[in-house]
Amino acid sequence: MLTDNTILVLAIAGVLILLAIVQLFLAVRHDNVVTAQGPLATLEALEAQIEVKRNTLDDLEAELEKRREAMAIVADVQAEVDGLRRQKEELLAEWESLRERRDEVAAVRQETEAIVIERQQLESEIAPLRAEYLAVKERLEKAEELLARIDALKREHEEISGQVDDLRDKKRELEEAEERVSRLEARAKDLETDNARLEGRKSSHETELGELNARVASEREALAQTQTEHARIGAEVAAQAQDMRRIAGEIETLKETRGMLDARLAYLKAEIARKEGRSVDGETSEADPLRELKETPPVIKAMRSWGPAPRENEADAIKRVERRLRAKGLDYPARTLRAFHTAMKVNETTQMAVLAGISGTGKSQLPRQYAAGMGIGFLQVPVQPRWDSPQDLMGFYNYIESKFRPTDMARALWAMDELNNDDAEQDRMMMILLDEMNLARVEYYFSDFLSRLESRPRPSDVGDANERKDAEIELEIPNMERAPRIFPGYNLLFAGTMNEDESTQSLSDKVVDRANIIRFAAPKKIRDGQADGEAEPTKALSQETWNRWSRSSASVAGDKRVTGRVEEMLDLMREFKRPFGHRLGRAIMAYAANYPEVEGGRGVDDALADQVEMRLLPKLRGVEVDMAGPQFSKLKTFVERDLGDDALAQAIDESMTLAEATGQFVWSGVTR
């Protein structure tokens, strides 16, 4: 058996072994903490290097931006800008790779922080062990409790041994992390080398930029000299143009003087003839001031040579016009022809149709060939830039000659006035085309005439002189007991063409509000213009047949498809701050009522889409696209979803895209 002394010796030896193990554990812990702090310092240094690299990249990107601004001045160095852009992309790619390395460093930092936390936890766990050690010392003083405490210490030793093994594993993981940090440090050194290389390239680019700036300065100096030369040449051209205008004015003055002398000579001849009791042409009757007005114009003579057209329906007449267009080598979409035909039919609510667009798109040929195909007389009135009064349209009274000098349009209107002219053409139709009507200010020469057309009574009331007096045009002829009056009746159709270039004027709101504007967009491809077939002889269309084709807006007043969509159009225009009134609303409904029912058409949907194109979109000229973006989106949705006109919706989108340059909407037309 063991003696008490032996037991006491063994207990003391066990305690000493336990103290040695605890000291060893604390030493290992201290080394691990020191080792963990080393990578943290390395990580912070690496982060600082990465931050320096990022600042270098930012500086290089700023330099690249400066070079891009400098390169924009000289178009022939765009390739250099592209190269710098590629270099920027490469640097961005390198930055992305560095970001991945930074993520790895962040992961290592998190692991290191976890180790520090574990160290703190272990220290908190060691504190109880120290207390237990003091307790063991107390137990040594009590031999009877020593064996029980030794057993407890043995168990604690086993637990600590397990913890030591765990710490060894963590130490191994920390060593692996240190290896990764070493690799990152090596990569950072490589990046420093790359940075030095980029700095060298930057210096080279700065040198090249200086050379380019010198070249730009030289080019600017040459450009300034060229502009000075151009200014001198422009001044000389302006002076020559001024001289030419002065000479032209002198020529016009001489022409006017000659005209006055000719008029004076004619007046003297007339006076001599009057005193001798005869007229200028040898007759003994007094001169008739309306003699020239009553002369038969060529258009009426041509109409009288036509045979009467057979009684036919509207669809057949439109097909005959289509055949004539093909025979003349003209190619118009069927939708455009139907739109123009309907615009002519609604001359009671809409006074005229305007064909707008760039030059050479067939604006003048469409009404001319339409009239010939339908059997309608056609008079083309070329508008002159100097027109500034209604007299340019109708004519004037020459006080020297004591005669009224009418225009071809005035003679044609007189020849078609069945109410005031007993010799007028009966039951016939005529179209008058104001060609390039915006060469002069339309409101100067046409505003009064347009008001007369708008004041016409309903067709059933034109026989009442009191009802039509506001619409009649009174000719200014003095010394007549009753000045002659001309009524522009519903047997007259009015159209106009307008080119859009720097030499033309824009239409006034009064004309836009009273006209169907068909805009001819630029063609997507050029047609060959080959004729297809022979044009049929023109047969005179009777006014009775034309009126039979026409319908009033009341015929669709009960159609919810029409009235409901017109109300939607009104709401849309109200949101654009461009509302319309009863007159335009009735005109839209009249257009829908008169749209021809032909094969391939969609009836009311096509008619209302045409009115969006011809009546609403021109009124949106000048609208700020950025401010009215939601309203344009609603309009496109209405056209595309409710009316089913994808081409028109696409054209609206294209016009909005073109408006990005100026910010203001300008309707550019739709290609059918």
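Please read all numbers here as calculations on a predicted model, not as lab measurements.

J.: Residues and numbers for the overall build of the chain, please.
T.: In terms of helices and strands, the chain carries 19 helices and 11 strands. With 672 residues in all, the chain has 40% of them scored as buried. When contacts within the chain are restricted to residue pairs at least 6 apart in sequence, those whose partners lie at least 24 apart make up 78%. Only carbon and sulfur atoms are counted for the fraction: they give 50% of the accessible area of the chain, which is about 37,600 Å².

J.: Kindly report on the packing of aromatic side chains, identifying the contributing residues and their values.
T.: Note on aromatic pairs: each is described by the distance of the centres and the angle between the planes. Scanning the entire structure with this criterion turns up 10 aromatic pairs. Between Tyr-332 and Phe-520, the ring centres sit 6.4 Å apart and the planes meet at 90°, which makes this aromatic pair edge-to-face. Note that Tyr-332 is positioned in the loop between helix 5 (314-327) and helix 6 (334-345) and Phe-520 in strand 10 (residues 515-520), a separation of 188 residues in sequence. One exposure class covers both Tyr-332 and Phe-520, and it is buried. Measuring from ring centre to ring centre gives 4.8 Å for Phe-632 and Phe-665, while their planes differ by 40°; the resulting arrangement is tilted. With Phe-632 in helix 18 (residues 629-642) and Phe-665 in the segment after helix 19 (646-658), this pair connects stretches of sequence that are 33 residues apart. Taken as a pair, Phe-632 and Phe-665 share a single burial class, namely buried. Put simply, the rings of Trp-387, Tyr-445, Phe-446, Phe-449 and Phe-494 pair up and form one aromatic cluster.

J.: Before we move on, could you go through the sheet that holds strand 2 (residues 352-357) and cite the residues and values that matter?
T.: With respect to topology, 5 strands assemble into an open sheet ordered 3-6-9-2-10, the strand pairing being parallel. Since the sheet does not close on itself, it has two edges, and those belong to strand 3 (377-382) and strand 10, each with one partner. The sheet shows a mean angle of 20° between the axes of neighbouring strands, direction not considered. Relative to strand 9 (residues 492-499), strand 2 runs parallel, the two being bridged by 5 bridges. By the bridge assignment, Leu-355 is partnered in strand 9 with Thr-497.

J.: Any details on a negative patch on the surface? Residues and values, ideally.
T.: Residues Glu-173, Glu-175, Glu-176 and Glu-179 make up a contiguous surface patch of negative charge. Within the element layout of this structure, Glu-179 appears in helix 3 (residues 146-275).

J.: Kindly report on the pattern of salt bridges, identifying the contributing residues and their values.
T.: Inspection of every chain in the model, using the stated rule, returns 31 salt bridges. In this structure, Glu-454 engages Arg-583 in a salt bridge whose closest nitrogen and oxygen atoms are separated by 3.3 Å. Of the two residues, Glu-454 sits in helix 11 (residues 447-454) while Arg-583 sits in helix 16 (residues 582-594), which places them 129 residues apart along the sequence. With relative accessibility at 31%, the residue Arg-583 sits in the partly exposed group. If you follow the salt bridges from partner to partner, you end up with Arg-335, Arg-565, Arg-602, Asp-605, Asp-606, Asp-610 and Asp-645 in one network.

J.: I'd like to hear about the packing of helix 15 (residues 560-575) against helix 18, residue by residue, with values.
T.: Where helix 15 meets helix 18, the closest approach of the two axes is 9 Å, and the angle between their N-to-C directions is 160°. Here helix 15 is positioned roughly antiparallel relative to helix 18, judged by the angle of their axes. The hand of the helix 15/helix 18 crossing is left-handed. Residues Arg-565, Glu-568, Met-569, Leu-572 and Glu-575 of helix 15 form the contact with helix 18, whose participating residues are Gln-631, Lys-634, Leu-635, Phe-638 and Asp-642. The class makeup of the residues in the contact of helix 15 with helix 18 is 4 nonpolar, 1 polar and 5 charged.

J.: Pulling in residues and values, what's your account of the nonpolar core?
T.: One finds Phe-340, Tyr-370, Ile-376 and Val-612 to be the most contacted residues of the largest nonpolar core, which totals 69 residues. Beyond its immediate sequence surroundings of up to four residues, Phe-340 is in contact with Ala-353, Leu-355, Leu-366, Pro-367, Tyr-370, Met-431, Ala-495 and Ile-518.

J.: Break down the pairing of strand 4 (residues 395-398) for me, with residues and values.
T.: Direction of pairing for strand 4 relative to strand 5 (residues 403-406): antiparallel, over a ladder of 4 bridges. The partner of Tyr-397 across the bridge, within strand 5, is Phe-404. Connecting strand 4 to the antiparallel partner strand 5 that follows it, the hairpin turn spans 4 residues, and Ser-402 within it adopts a positive phi of roughly 60°.

J.: Pulling in residues and values, what's your account of unusual backbone geometry?
T.: Not every positive phi belongs to a glycine, and Asp-427 is a case in point at roughly 55°. As for its position among the elements, Asp-427 is in the loop between helix 9 (408-416) and strand 6 (430-435). Given the relative accessible area of 32%, Asp-427 is considered partly exposed. Positive phi values are uncommon outside glycine, yet Lys-577 reaches one of about 65°. For Lys-577, the position within the fold is in the loop between helix 15 and helix 16.

J.: An account of the pairing of strand 6 is needed here, citing residue identities and associated values.
T.: Among the 6 residues of strand 6, 6 are classified as buried, and the element is accordingly described as predominantly covered. Neither face of strand 6 is exposed, since Met-430, Ile-432 and Leu-434 on one face and Met-431, Leu-433 and Asp-435 on the opposite face are all buried. Both strand 3 and strand 6 contribute to a ladder of 6 bridges, which runs parallel. When the bridges of strand 6 are listed, Gly-377 appears paired with Met-430. Taken together, the 5 bridges between strand 6 and strand 9 define a ladder with parallel strand orientation. Following the sheet pairing, Met-430 is matched in strand 9 by Leu-492.

J.: Describe helix 6, with residues and values.
T.: When the terminal C-alpha atoms of helix 6 are compared, their 17 Å separation across 12 residues agrees well with the 16 Å that a helix rising 1.5 Å per residue should span. With respect to burial, helix 6 is a largely interior element, 11 of its 12 residues being buried. Residues Arg-335, Thr-336, Leu-337, Arg-338, Ala-339, Phe-340, His-341, Thr-342, Ala-343, Met-344 and Lys-345 constitute the buried set of helix 6.

J.: Explain the environment of Leu-98 to me, using residue names and the numbers behind them.
T.: Summarising the element assignment, Leu-98 is placed in helix 2 (residues 78-140). A residue is classified by how much of its surface remains accessible, and Leu-98, at 4% relative accessible area, is buried. As a C-alpha pair, Leu-98 and Arg-54 span 44 residues in sequence and 9.5 Å in three-dimensional space.

J.: I'd like to hear about the packing of helix 16 against helix 17 (residues 604-616), residue by residue, with values.
T.: Look at helix 16 against helix 17: their axes get within 9 Å of each other, and the N-to-C directions meet at 140°. The angle between helix 16 and helix 17 falls in the class oblique. Note that helix 16 runs across helix 17; the crossing there is right-handed. On helix 17, the residues touching Leu-584, Ala-587, Ile-588, Tyr-591 and Ala-592 of helix 16 are Ala-607, Leu-608, Asp-610, Gln-611, Met-614 and Arg-615.

J.: Go over the side chain of Gln-631, please, and point to the residues and values.
T.: Examined against the element boundaries, Gln-631 turns out to sit in helix 18. Owing to a relative accessible area of 17%, Gln-631 belongs among the buried residues under this scheme.

J.: So what about the confidence of the model for the chain? Which residues, and what values?
T.: Averaged over all residues, the pLDDT of the chain equals 80, while 75% of them reach at least 70. Within the model, pLDDT remains below 50 along residues 33-37, and this stretch shows 6 contacts once partners closer than five positions in the same chain are excluded. Considering only residues more than four positions removed or in separate chains, one finds that residues 282-286, a stretch of pLDDT under 50, has 5 contacts.

J.: Before we move on, could you go through the side chain of Glu-472 and cite the residues and values that matter?
T.: Along the chain, Glu-472 falls in the loop between helix 12 (465-468) and strand 7 (473-474). With a relative accessible area of 5%, Glu-472 lands in the buried category.

Definitions and cut-offs
- Residues numbered from 1 in each chain as written.
- Predicted model: local features only at pLDDT ≥ 70, side-chain atom pairs only at ≥ 80, totals over all residues.
- Heavy atoms only, no water.
- Helix = DSSP H or I, 4+ residues; strand = E, 2+ residues; numbered from the N terminus.
- Buried < 20%, exposed > 50% of the residue type's maximum accessible area, 1.4 Å probe, protein only.
- Contact = heavy atoms within 4.5 Å.
- Areas by Shrake-Rupley, 256 points an atom, 1.4 Å probe, with all protein chains shown as cover.
- Phe/Tyr/Trp six-rings, centres within 6.5 Å; stacked < 30°, edge-to-face > 60°.
- Pairing = 2+ DSSP bridges.
- Axes fitted to C-alpha atoms, helices over the stretch in contact; angles between N-to-C directions.
- Patch = residues over 30% accessible without salt bridge, like charges linked within 9 Å, V, L, I, M, F, W, Y side chains within 5 Å.
- Salt bridge = Lys/Arg side-chain N within 4 Å of Asp/Glu carboxyl O.
- Lys, Arg positive; Asp, Glu negative; His and termini not counted.
- Charge placed at Lys NZ, Arg CZ, Asp CG, Glu CD.
- Parallel < 35°, antiparallel > 145°, perpendicular 65-115°, else oblique.
- Left-handed = near helix turned anticlockwise from the far one by under 90°.
- Nonpolar A, V, L, I, M, F, W, Y, C, P; charged D, E, K, R; others polar.
- Core = buried A, V, L, I, M, F, W, Y, C linked by side-chain atoms within 4.5 Å.
- Expected span 1.5 Å × (residues − 1).
- pLDDT = per-residue confidence, 0-100.

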